[in-house]
Amino acid sequence: DPYSRDPQRHPALSVNSLKPFNAEPPAEILSENFITPNEFFFKRNHLPVPDIDASSYKLQIEGPRGQSIALTLADLKTKFPKHEVTATLQCAGNRRSEMNAVKQVKGLGWGIAAISNATWGGARLRDVLLEAGFKDEMEGAEHVCFEGLDKDLTGTAYGASIPFSVAISPEHEVLLAYEMNGQVLPHDHGFPIRVVVPGVVGARNVKWLGKLSVGPEESQSHWQQNDYKGFSPSVDWDTVDFKTSPAIQELPIQSAITEPKNGDVMTGDQNNITVKGYAWSGGGREVVRVDVSLDGGQSWQVAHLSGQKQKSGRAWAWKLWELRAPLPDKVSELNIICKAVDSSYNVQPDTVAPIWNLRGVLSNAWHRVHVTVRS
Ligand code: MTE
Ligand code: MO
């Protein structure tokens, strides 16, 4: 069993697939902690977790003229200044089950918790690229390709790429991380080294990084070329041509309600209701507002946001939000909705059907929760 050496996981996680291991935390844990505790951080593995010996680990880097250099873990920790970034990671398939409810999609049935927030510590990818001989602008340097040390039965490794301009930019703060929330990077999250690309879809944040190379083309991996792309609702598995859509990088504005839960029952003697959730946008766009409705969208109230101060255009971390409001008179139900706005005034679409796509990615419609009120 190639999965026999997978690590222990917290029993409170809701498991979407055991082998490979894919799981999300109870949603209320997300809104209780600005920083998601490591054991509750969502886990998305395509393959068995590789068991890597840190003392013999080497990161292979293919340099600009075909030369190759190798860095040990000690090199990465001592030759480059340690940099810390608090960044939210979200899987492109977060909230896929809502899309699946409209019409069947192919993929793991994620709820609303395939998203988490951590403070990552490591070497800046920019510093490593400069050390390896790359310059800010270089002929033929268009993409940085990453390869994981996790492999399928045919020996194919997980892979993905990001634009070179993102990787080399000091503003983007791309990390080769060896720490997660002050702890050694856990096995499920890429020990000993993972890429952290703030503001960019989870899939490009390659774990168990074994190799990186720079070239004119994107990664040729399945996950860059034939997966993690968006399509029109009109495209089905008979007509899809993956070459026609760009690989997802920055993610769109997102928010969801973590409390109360769909189907909860309140009693009429409760005078107030508290609604909680998270909101985040890709590309460093800050969440500037979250609107909440208790009546299916007829009226709206502005939620209170909490989070950390972040640099303009570099809001890599989510905001948690909360609305405390009087329970409306004589209601037997609440149709609670949340929707967020980012610093570019991007908003979420109101319904799922117009953004439905066959892979069930980019599911960011208004989040809706139905609660019964008993008198
Ligand atoms: N990197 C490797 N090597 N193998 C993987 O399966 N999964 C990707 C990404 N990096 C993956 C990977 C996907 S799709 C996501 S959403 C994130 O890792 C999940 O990171 P996490 O498990 O730390 O939450
Ligand atoms: Mo993902």
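## A closer look at the sheet that holds strand β17 (residues 287–293)
Argument step 1. A sheet is described by the order of its strands in space; here five strands give the open sequence β15-β22-β21-β17-β18, paired in mixed fashion. Because the sheet does not close on itself, it has two edges, and the strands there are β15 (265–267) and β18 (301–302).
Argument step 2. Both β15 and strand β22 (residues 367–374) contribute to a ladder of three bridges, which runs parallel. Its bridge partner lying in β22, Val265 is registered against Thr372.

## Focus: the site of ligand 1
Argument step 1. The environment of ligand 1 is formed by 20 residues, the closest being Phe42, Asp150, His189, Arg194 and Lys207.
Argument step 2. Between ligand 1 and the protein, one listed contact pairs an oxygen atom with a backbone N or O atom of Phe42 at 2.6 Å.
Argument step 3. Contacts to ligand 1 include Arg44, whose backbone N or O atom sits 3.0 Å from an oxygen atom.
Argument step 4. Starting from 540 Å² of accessible surface for ligand 1 in isolation, the protein chains cover 100%.
Argument step 5. Put simply, the parts of the chain that give the shell around ligand 1 at least two residues each are β3 (43–44) and β8 (143–151).
Argument step 6. Looking at the shell around ligand 1 residue by residue, the class counts come to nine nonpolar, six polar and five charged.

## Concerning unusual backbone geometry
Argument step 1. Of note, the amide linkage connecting Phe191 to Pro192 takes the cis form, showing an omega dihedral of 5°.
Argument step 2. Structurally, Pro192 can be placed in the loop between β11 (183–184) and β12 (194–196).
Argument step 3. One non-glycine residue with positive phi stands out, namely Glu173, at about 55°.
Argument step 4. Structurally, the position occupied by Glu173 is in the loop between α5 (164–168) and β10 (175–180).
Argument step 5. Look at Tyr345: it is not a glycine, yet its phi comes out positive at around 60°.

## Section: the confidence of the model for the protein chain
Argument step 1. Considering every residue of the protein chain, the mean pLDDT works out to 97; 100% of them sit at 70 or more.
Argument step 2. Predicted as a complex, the structure gets a pTM of 0.98 and an ipTM equal to 1.00.

## Quick word on the packing of aromatic side chains
Argument step 1. Considering all chains together, one arrives at nine aromatic pairs under this definition.
Argument step 2. For the pair Phe134 and Phe164, a centre-to-centre distance of 6.1 Å together with 50° between the ring planes defines the contact as tilted. With a gap of 30 residues between them, Phe134 in the loop between α4 (125–131) and β8 and Phe164 in helix α5 connect regions that are remote in the sequence. Taken as a pair, Phe134 and Phe164 share a single burial class, namely buried.
Argument step 3. Relative to Trp318, the ring of Tyr278 lies with its centre 5.6 Å away and its plane at 20°, an arrangement referred to as stacked. Here Tyr278 is found in strand β16 (residues 272–280), whereas its partner Trp318 is found in the loop between β19 (304–306) and β20 (319–326), with 40 residues between them in sequence.
Argument step 4. Take Tyr278: its relative accessible area is 0%, and that puts it in the buried class.
Argument step 5. Since its relative accessible area comes to 0%, Trp318 is described here as buried.
Argument step 6. Taken together, Phe41, Phe42, Trp110 and Trp120 form an aromatic cluster joined through their ring pairs.
Argument step 7. The side chain of Lys103 reaches across the aromatic face of Trp356, ending 4.3 Å from its centre.
Argument step 8. Positioned above the aromatic ring of Tyr228 is the side chain of Arg359, whose terminal nitrogen or guanidinium carbon lies 6.0 Å from the ring centre.

## A short note on the side chain of Glu24
Argument step 1. Along the polypeptide, Glu24 turns up in strand β2 (residues 22–24).
Argument step 2. Although buried, Glu24 forms no salt bridge, and the nearest oppositely charged side chain, Arg96, lies 9.5 Å from it.
Argument step 3. Engagement of the side chain of Glu24 in a polar contact is seen with the backbone nitrogen of Ala113, the distance being 2.8 Å.
Argument step 4. When neighbours within four sequence positions are excluded, Glu24 is seen to be in contact with Leu13, Ser14, Asn16, Phe42, Gly109, Trp110, Gly111, Ile112, Ala113 and Ala114.

## A short note on the sheet that holds strand β5 (residues 68–72)
Argument step 1. Taken together, five strands build an open sheet; the order of strands is β5-β4-β13-β8-β9 and the sheet is mixed. Single-partner strands in this sheet number two, and they are β5 and β9 (157–163). Across the sheet, the axes of successive neighbouring strands diverge by a mean angle of 20°, strand direction being ignored.
Argument step 2. Here strand β4 (residues 58–62) pairs with strand β13 (residues 209–215) via three bridges, running parallel. Its bridge partner being in β13, Glu62 is matched across the sheet by Ser213.

## A few points about the pairing of β20
Argument step 1. Of the pairings in the sheet, the one linking β16 to β20 comprises eight bridges and is antiparallel in character. Among the inter-strand pairings, Tyr278 is bridged to a residue of β20, identified as Leu320.
Argument step 2. Judged from the three bridges that link them, β19 and β20 form a sheet pairing that is antiparallel. Looking at β20, one finds that Leu305 is bridged to Trp321.

## Some points on the pattern of salt bridges
Argument step 1. Applying the stated criterion to the full structure yields 17 salt bridges.
Argument step 2. For Lys19, the salt bridge is made with Asp1, and the minimal N-O distance between the two is 2.7 Å. Separated by 18 residues along the polypeptide, Lys19 in the loop between β1 (14–17) and β2 and Asp1 in the segment before β1 bring together distant segments of the chain.
Argument step 3. On the accessibility criterion, Asp1 (54% relative accessible area) is exposed.
Argument step 4. Among the salt bridges present, the one from Arg95 reaches Glu98, with a minimum N-O distance of 2.7 Å.

The rules behind these values
- Residues numbered from 1 in each chain as written.
- Chains lettered and ligands numbered in written order.
- Predicted model: local features only at pLDDT ≥ 70, side-chain atom pairs only at ≥ 80, totals over all residues.
- Heavy atoms only, no water.
- Pairing = 2+ DSSP bridges.
- Helix = DSSP H or I, 4+ residues; strand = E, 2+ residues; numbered from the N terminus.
- Near = heavy atom within 4 Å.
- Polar contact = N/O pair within 3.5 Å; in protein donor to acceptor, adjacent residues only side chain to side chain.
- Areas by Shrake-Rupley, 256 points an atom, 1.4 Å probe, with all protein chains shown as cover.
- Nonpolar A, V, L, I, M, F, W, Y, C, P; charged D, E, K, R; others polar.
- pLDDT = per-residue confidence, 0-100.
- Phe/Tyr/Trp six-rings, centres within 6.5 Å; stacked < 30°, edge-to-face > 60°.
- Buried < 20%, exposed > 50% of the residue type's maximum accessible area, 1.4 Å probe, protein only.
- Lys NZ or Arg CZ within 6 Å of the ring centre and 35° of its normal.
- Lys, Arg positive; Asp, Glu negative; His and termini not counted.
- Salt bridge = Lys/Arg side-chain N within 4 Å of Asp/Glu carboxyl O.
- Contact = heavy atoms within 4.5 Å.
- Axes fitted to C-alpha atoms, helices over the stretch in contact; angles between N-to-C directions.

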